[in-house]
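# Summary of the model geometry
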Amino acid sequence: MKIGVLGLQGAVREHVRSIMASGAEAYVIKWPEELKEMDGLIIPGGESTTMRKLIDKYGFMPELKKFAEAGKPMFGTCAGLILLAKRVVGYNEPHIGVMDVTVERNSFGRQKESFETELDINGVTENFAAVFIRAPHIVEAGENVEILAKHEGRIVAAREGQFLGCSFHPELTEDHSITAYFVRMVAEAKEKALV
Amino acid sequence: MRTGTDRVKRGMAEMQKGGVIMDVVNAEQAKIAEEAGAVAVMALERVPSDIRAAGGVARMADPRIVEEVMGAVTIPVMAKARIGHIVEARILEAMGVDYIDESEVLTPADEEFHLNKNEFTVPFVCGCRDLGEASRRIAEGSAMLRTKGEPGTGNIVEAVRHMRKVNAQVRKVVSMDEAELMTEAKLLGAPYEVLLEIKRLGRLPVVNFAAGGVATPADAALMMQLGADGVFVGSGIFKSDNPAKFARAIVEATTHYQDYKLIAELSKDLGTAMKGIEISSLTPENRMQERGW
């Protein structure tokens, strides 16, 4: 099973490590054609504006949309969640725009308001050390979206079928349970594609 | 819920990896930098080459400039405080700056002590030339490092020296027997606990960016190849003929630092890069890298 990490900018190395610890092969994706071989894709934390510029520059956008249309699982953390969302507060257009959620950028404030806390992630794990860095949150979720975690009433982790997104950075901790959950999503999607 | 933990501070720098942080002196430049794909901007009153030219005492920027830049962009905003200047740092923290550079580019306020950065909620970046300096800054609470290089010269040679030195010393520490670390700590002037952490992780516990002399896309790619986690570009961008184009080229060269055909394309028709200064023509008192203890 091959899982790619979009390697344009951000916490790429940490996701690679986490994927390998969860028993799958990890690949850093720097060009659109490299997506074809992948069974799943993680879009890491970083600066969403920077990643978007580079996505456009190298013609990633059609390939990322095709990847989603093919039913392959995608997991976005922090900036990655912003890139997956169908709606971004304050912007007319989304980025990849495939997951039925509305997100707000930097919604917890600037860096000095960044924090860590323990979260229970529905059906995944409990007491997860969640690190929020200038994090977004999900303001509104579509009816098919399963809410996996909330922090002070705000949705911070969710799944819609093949799409998984969270506001925080599971890649910054030693607990790989969320990545392992995504690896299972990829395995199930691959099995379904073979049937 | 805990703010200002090491994980939150260091994590912020992890998110900047593979990116370019650009010096800007006003809202207009900040927008050009954001549009070009910068991961953050450093709000300054003057870029290092102008500080060098102006002489005199260089201080924290006018809060008005910092505020203007914070209002202009959605990417993180950094600002510089003088080495050891507790109040400048507290002012920047109170203003909500995302990262503070305790910087040798400004005139030091304390010739003996750096800030105790562990006491702050806001994260700090500090310069280093070797692993001793790097480890002391980490122990003081710095959540990110950068090479000192020689700021405002447009000459990459010092940044290369500092990056190679730190990485060679990290490799040595990682390969050492634990029993040998205390003596190594003594020789380097490095806190023992930090070396122990480096040995355990197999690398520095915080990211280390290149800074001080990056003047071309090829310079940025060179530093990435030498193991930098990302790049600070100071005077290089807005001292060039076409800042927007130049900034985009540096961003792309940092992402694809091993794609030489691409870097060749990016480097075409960029106009004149900043003139640059030969390091040996700078007297020791004019070398900013000598500041810091």
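Residues numbered from 1 in each chain as written. Chains lettered and ligands numbered in written order. Predicted model: local features only at pLDDT ≥ 70, side-chain atom pairs only at ≥ 80, totals over all residues. Heavy atoms only, no water.

What follows concerns the overall build of chain A. Each helix and strand in chain A was counted, giving 5 helices and 12 strands. Computed over C-alpha atoms, the radius of gyration of chain A comes to 15 Å, within 12% of the 16 Å expected from 2.2 N^0.38 for 195 residues, which places it in the range of a compact globule. With respect to the principal axes defined by its C-alpha atoms, chain A has extents near 40 × 35 × 35 Å. By the burial criterion, 61% of the 195 residues in chain A qualify as buried. Counting only contacts in chain A whose residues sit at least 6 apart along the sequence, the fraction spanning at least 24 positions is 64%. Put simply, chain A shows about 7,700 Å² of open surface, and 47% of that area lies on carbon and sulfur atoms. Here chain A contributes 23 positive and 28 negative side-chain charges, whose respective centroids are spaced 6 Å apart. (Helix = DSSP H or I, 4+ residues; strand = E, 2+ residues; numbered from the N terminus. Rg over C-alpha atoms; globule rule 2.2 N^0.38 Å. Buried < 20%, exposed > 50% of the residue type's maximum accessible area, 1.4 Å probe, protein only. Contact = heavy atoms within 4.5 Å. Areas by Shrake-Rupley, 256 points an atom, 1.4 Å probe, with all protein chains shown as cover. Lys, Arg positive; Asp, Glu negative; His and termini not counted. Charge placed at Lys NZ, Arg CZ, Asp CG, Glu CD.)

Residues and elements named next belong to chain B. Neither face of strand E7 (residues 144–147) is open: one carries Met-144 and Arg-146, the other Leu-145 and Thr-147, and all of them are buried. Relative to E7, strand E6 (residues 124–128) runs parallel, the two being bridged by 4 bridges. Its bridge partner lying in E7, Cys-128 is registered against Thr-147. As a crossover connection, the stretch from E6 through helix H6 (residues 131–140) into E7 is right-handed. In this structure, E7 lies alongside strand E8 (residues 207–209), joined through 3 bridges in parallel fashion. (Pairing = 2+ DSSP bridges. Right-handed = clockwise from strand over helix to strand, strands pointing away.)

Glancing now at the pairing of strand E4 (residues 74–77) of chain A. Residue and element names in this part refer to chain A. Residue alternation in E4 divides its side chains into two sets, Met-74 and Gly-76 and Phe-75 and Thr-77, and both sets are buried. The pairing of strand E3 (residues 40–43) with E4 spans 3 bridges and is classified as parallel. Counted as the bridge partner of Leu-41 is Met-74 from E4. Relative to strand E12 (residues 163–166), E4 runs parallel, the two sharing 4 bridges. Looking at E12, one finds that Met-74 is bridged to Phe-163.

Residues and elements named next belong to chain B. Mapped onto the present numbering, the UniProt feature "active site" (unreviewed entry) falls on Lys-80. Looking at the secondary structure, you find Lys-80 in strand E4 (residues 77–82). Residue classification places Lys-80 among the buried positions, given a relative accessible area of 8%. (UniProt positions renumbered as here; feature names shortened; annotations may be inferred.)

Quick look at the pattern of salt bridges now. Residue and element names in this part refer to chain B. Evaluation of the coordinates by the stated rule reveals 35 salt bridges over all chains. Between Lys-117 and Glu-102 there is a salt bridge whose closest N-O contact spans 2.7 Å. Of this pair, Lys-117 sits in the loop between strand E5 (99–103) and E6 while Glu-102 is found in strand E5, placing the two residues 15 residues apart along the sequence. Judged by relative accessible area, which is 1%, Glu-102 ranks as buried. (Salt bridge = Lys/Arg side-chain N within 4 Å of Asp/Glu carboxyl O.)

Below, the discussion takes up the interface of chain A and chain B. Contact with chain A, which involves 39 residues of that partner, is made by 41 residues of chain B. Interface of chain A and chain B: buried area, both sides summed, is about 3,300 Å²; carbon and sulfur atoms make up 51% of it. Its largest share of buried area at the contact with chain B, chain A owes to Arg110(A), Lys112(A) and Glu116(A), together 22% of the area lost on that side. Run the count over chain A and chain B and you get 9 salt bridges. Between Arg134(A) and Asp98(B) there is a salt bridge, and its shortest N-O distance comes to 3.0 Å. Among the elements of the structure, helix H1 (12–21), helix H2 (48–57), strand E7 (115–121) and strand E8 (125–132) of chain A are those that each provide at least two residues to the side of chain A that touches chain B. (Buried area = accessible area lost by both parts, 1.4 Å probe.)

With that settled, consider the UniProt feature "binding site: L-glutamine" (unreviewed entry) in chain A. All names here are of chain A. According to UniProt, the "binding site: L-glutamine" (unreviewed entry) feature falls on Gly-46, Glu-47, Ser-48, Arg-105, Ile-133 and Arg-134. These residues run over 89 residues, yet every pair of their C-alpha atoms falls within 12.8 Å of each other. Secondary-structure assignment places Glu-47 in the loop between E3 and H2. In this structure Glu-47 comes out as buried when scored by relative accessible area, which is 8%.

Moving on, we come to the sheet that holds E7(A). Taken together, 3 strands build an open sheet; the order of strands is E8(A)-E7(A)-E1(B) and the sheet is antiparallel. Each of the sheet's edge strands pairs with one partner strand only, and the pair in question is E8 of chain A together with strand E1 (2–3) of chain B. Relative to E1(B), E7(A) is paired through 2 bridges, and the arrangement is antiparallel. Paired with Glu116(A) across the two strands is Arg2(B), which belongs to E1(B).

Residue and element names in this part refer to chain B. On the UniProt side, "binding site: D-ribose 5-phosphate" (unreviewed entry) is annotated at positions that read Asp-23, Gly-152, Gly-213, Gly-234 and Ser-235 here. Taken along the chain, the residues just named run across 213 residues; in space they keep tight, none of their C-alpha pairs more than 12.5 Å apart. With respect to the secondary-structure elements, Gly-152 resides in the loop between E7 and helix H7 (157–175). Those residues in contact with Gly-152, other than ones at most four positions away along the chain, are Pro-48, Ser-49, Arg-52, Ser-235, Met-274 and Ile-277. By the secondary structure assignment, Gly-234 is in the loop between strand E9 (231–233) and helix H11 (235–238).

This brings us to the side chain of Ser18(A). Residues and elements named next belong to chain A. Relative to the helices and strands, Ser-18 is located in helix H1. Among the residues examined, Ser-18 registers a relative accessible area of 1% and is labelled buried. At 2.9 Å, the side chain of Ser-18 forms a polar contact with the side chain of Thr-179. (Polar contact = N/O pair within 3.5 Å; in protein donor to acceptor, adjacent residues only side chain to side chain.)

Turning our eyes to something else, we now look at a nonpolar patch on the surface. Residue and element names in this part refer to chain B. On the surface, a nonpolar cluster with roughly 250 Å² of combined accessible area is contributed by Ile-86, Val-87 and Ile-91. The topology assignment puts Ile-86 in helix H5 (residues 86–95). According to the relative accessible area criterion, Ile-86 is exposed, its value standing at 51%. (Patch = residues over 30% accessible without salt bridge, like charges linked within 9 Å, V, L, I, M, F, W, Y side chains within 5 Å.)

Moving on to the side chain of Ser114(A). In this fold, Ser114(A) is placed in the loop between strand E6 (99–104) and E7. Residue classification places Ser114(A) among the buried residues on the basis of a relative accessible area of 3%. Ser114(A) has contacts with Phe132(A), Ile133(A), Arg134(A), Arg2(B), Thr3(B), Gly4(B) and Val8(B), leaving out every residue within four places of it along the chain.

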